[in-house]
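These are the residues of each chain, in order.
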Amino acid sequence: MKCIKCGAEYPAQLLYRCERCGGILDILYDFERIRDRIDFKVIVARRDGMWNYRELLPIEDYSKIVSLGEGGTKLHRCSRLEDKFGIKQLYVKDETRNPTGSFKDRPISVAVTKAKEFGVNTVVTSSSGNAGASLSAYAAKAGITCFVFTPTNVALGPLSQMAVHGARIVTVKGSVSDSFKIAQVVAKKYGWMNVTSTFLCPYATEGDKTVGYEICEQLEWKVPQWILIPIGAGPLLFGSFKGFTELVKFDLIRDLPRMVGIQAEGCAPIVKAFKERTMEVRPWKNPKTIASGISDPLRGYTQDGNLTLKIIRKSKGVAIAVSDEDILDAVKLLAKEGVFAEPTGAVSIAGLRKMIDDKIVDRHDLAVCVVTGHGLKNPNRIMDMLKEPRLVVHGGNGLKRSSIMKILENRGDF
Ligand SMILES: [Zn+2]
């Protein structure tokens, strides 16, 4: 493990922050040694989803892997959206297909596997929904106890997932920054493993790398010009980019994509810093957006935002914000491609549309939008924005069948 701030190195252990400076820890690999041991032809021929890439994940004992079939998600070509946006090649990396309905299953699968390796019997996370839902399922599978600290506004989907898998749920009245703090204090006091999937648990972030690997593999080692990712703190953006840089080390690709971090206008601390050309992200005062998964004010851990900002700049990417109205439009547009995303998941599509309108993305570019979570997480929110989509008829004697047929034949207006 290496501190990204001061460069201090540590042997692999249960450590969350640099002991010397408090910086974020990153996992290092001995690529010289790994290179001789692995064959990408073998890797891509496997059928283990994200664990196809197990040699590049920080696991020592493969018998301890806790998996529910995460990763290996589809990369859809979206021809209808290509026509609508006027771009030549648009793909969606469909992370709604993960076992609990979001990309979080990747980092959580690595983190829970690591918990097994460390012999830990209780895990804890702070989560606005998806990570908590994911951890509950993986902890259940691993047979270990799970605590989830959530802010007040958790959607019913993830809450029911946490409950049914037997997590102990604690609602902290406040934002996700408040639940982050409490999870940290409690984990320290009782010696539980904190797998909070911002940048706190370095093992978790490693799972996010596989999104980068898979996109390249699915495009037959062609590198997209743009990767668009919804960001709260941004570990998925950091992780995906790390995945691409590692493929360069294996000579599988030469160029790197430009990373686009997209936030909601109502909570955009990283975008604000990007626009102001500063290196220091400042906490957001009053987060307010329907994209609850990225409604993260970063209070108490702005260094997470600084790291994501650094990667965006390093990749010559951009950070942009989109309105709630644009996000809901993007949910509808994705639905026309057969993909049902939660508002947070559709943020990448809203961002791409804006970047094409602003002429940042060229119509000849290849763009991949990562769609992070499933629409069934919060269906009420989706129903609110659609007009009553049903025609209700009597099943009994109330209405003759021929009358129903007549209504269906003239159904244009319902
Ligand atoms: Zn340090």
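Scoring rules and cut-offs
Residues numbered from 1 in each chain as written. Predicted model: local features only at pLDDT ≥ 70, side-chain atom pairs only at ≥ 80, totals over all residues. Heavy atoms only, no water. Patch = residues over 30% accessible without salt bridge, like charges linked within 9 Å, V, L, I, M, F, W, Y side chains within 5 Å. Areas by Shrake-Rupley, 256 points an atom, 1.4 Å probe, with all protein chains shown as cover. Salt bridge = Lys/Arg side-chain N within 4 Å of Asp/Glu carboxyl O. Lys, Arg positive; Asp, Glu negative; His and termini not counted. Charge placed at Lys NZ, Arg CZ, Asp CG, Glu CD. Helix = DSSP H or I, 4+ residues; strand = E, 2+ residues; numbered from the N terminus. Buried < 20%, exposed > 50% of the residue type's maximum accessible area, 1.4 Å probe, protein only. Polar contact = N/O pair within 3.5 Å; in protein donor to acceptor, adjacent residues only side chain to side chain. Phe/Tyr/Trp six-rings, centres within 6.5 Å; stacked < 30°, edge-to-face > 60°. Lys NZ or Arg CZ within 6 Å of the ring centre and 35° of its normal. 1 Å grid on protein atoms, 1.4 Å probe; cavity = no way out; pocket = protein on both sides within 12 Å on 5 of 7 lines; lining within 4 Å. Points joined across faces, edges and corners; volume = space filled by probe spheres on them. Nonpolar A, V, L, I, M, F, W, Y, C, P; charged D, E, K, R; others polar. Axes fitted to C-alpha atoms, helices over the stretch in contact; angles between N-to-C directions. Parallel < 35°, antiparallel > 145°, perpendicular 65-115°, else oblique. Left-handed = near helix turned anticlockwise from the far one by under 90°. Contact = heavy atoms within 4.5 Å. Pairing = 2+ DSSP bridges. Expected span 1.5 Å × (residues − 1). Right-handed = clockwise from strand over helix to strand, strands pointing away.

Peer 1: Tell me about a positive patch on the surface, residues and numbers included.
Peer 2: Taken together, the side chains of R80, K84, K332, K336 and R353 make up a positively charged region of the molecular surface. Its place among the elements puts K84 in helix α3 (residues 79–85).

Peer 1: Please give an account of the side chain of T196 that cites residues and values.
Peer 2: Of note, T196 is situated in the loop between β8 (193–194) and α8 (202–218). Given a relative accessible area of 2%, T196 falls into the buried group. A polar atom in the side chain of T196 sits 3.1 Å from the backbone nitrogen of S126.

Peer 1: Would you mind going over the packing of aromatic side chains in detail, with residue names and values included?
Peer 2: Any pair of aromatic rings gets described here by the distance separating the centres and the angle formed by the planes. Counting across every chain of the model gives 11 aromatic pairs. Taking the centre distance of 4.6 Å and the plane angle of 35° together, the rings of Y53 and Y213 count as tilted. Within this pair, whereas Y53 is found in the loop between α2 (40–45) and β3 (75–77), its partner Y213 is found in helix α8, the two being separated by 160 residues in sequence. On the accessibility criterion, Y53 (1% relative accessible area) is buried. Within the aromatic cluster, the residues linked to one another by ring pairs are Y29, F31, F40, Y53, Y213, W221 and F250. Taking the ring centre of Y62 as reference, the NZ or CZ of R54 above it sits at 5.8 Å. One cation-aromatic arrangement involves K114 over F118; the distance from NZ or CZ to the ring centre is 5.5 Å.

Peer 1: Provide a residue-level description of empty space enclosed by the protein, including the pertinent values.
Peer 2: Evaluated as defined, the whole model comprises 2 cavities of 30 Å³ or more. Quantified by volume, the largest cavity comes out at close to 530 Å³. Along its surface, the largest cavity is lined by 37 residues, and K104, S128, S292, G293 and I294 are the ones closest to its centre. Secondary structure elements with two or more residues in the lining of the largest cavity: α5 (130–142), α7 (176–190), α9 (235–249) and α13 (343–357). Along the lines of polarity and charge, the residues of the lining of the largest cavity split into 16 nonpolar, 16 polar and 5 charged. For the second largest cavity, the calculated volume is near 50 Å³. Those elements that place two or more of their residues in the lining of the second largest cavity are β2 (25–26) and α8. Class assignment for the residues of the lining of the second largest cavity results in 8 nonpolar, 1 polar and 2 charged.

Peer 1: Explain the packing of α5 against helix α6 (residues 156–164) to me, and be specific about the residues and the numbers.
Peer 2: Between α5 and α6, the shortest axis-to-axis distance is 8 Å and the interhelical angle comes to 20°. Classified by the interaxial angle, the pair formed by α5 and α6 is roughly parallel. For the pair α5 and α6, the crossing hand works out as left-handed. Judged by residue contacts, N130, G132, A133 and S136 of α5 engage P158, Q161 and M162 from α6. When grouped by side-chain class, the residues that make up the contact of α5 with α6 number 3 nonpolar, 4 polar and no charged.

Peer 1: Could you give me a rundown of the sheet that holds β8, with the residues and numbers involved?
Peer 2: A sheet is described by the order of its strands in space; here 4 strands give the open sequence β7-β6-β5-β8, paired in parallel fashion. Either end of the sheet is taken by a strand with one partner, and the two such strands are β7 (168–171) and β8. In the sheet, strand β5 (residues 122–126) pairs with β8 via 2 bridges, with the strands oriented parallel. The residue bridging V124 from the neighbouring strand is N194, located in β8.

Peer 1: Can you tell me about α9, naming the residues and giving the values?
Peer 2: An α-helical turn contains 3.6 residues, so any two residues separated by three or four positions project in the same direction. Between the first and last C-alpha of α9 there are 21 Å, a value that for 15 residues agrees with the 21 Å anticipated at 1.5 Å per step. Counting buried positions along α9 yields 12 of 15 residues, so the element is predominantly enclosed. Turning to α9, its buried residues number three or more, namely P235, L236, L237, F238, G239, S240, F241, K242, G243, F244, E246 and L247. Of the residues flanking the end of α9, it is D251, one or two places downstream, whose phi is positive at about 60°.

Peer 1: So what's going on with the pairing of strand β10 (residues 258–264)? Which residues, and what values?
Peer 2: In terms of burial, β10 is a largely internal element, 6 of the 7 residues being buried. In this structure, strand β9 (residues 226–230) lies alongside β10, joined through 5 bridges in parallel fashion. When the bridges of β10 are listed, L228 appears paired with V260. Note on the crossover from β9 through α9 to β10: the handedness is right-handed. Where β10 and strand β11 (residues 318–322) come together, 5 bridges link them in parallel fashion. Within β11, the residue paired with A264 across the bridge is V322.

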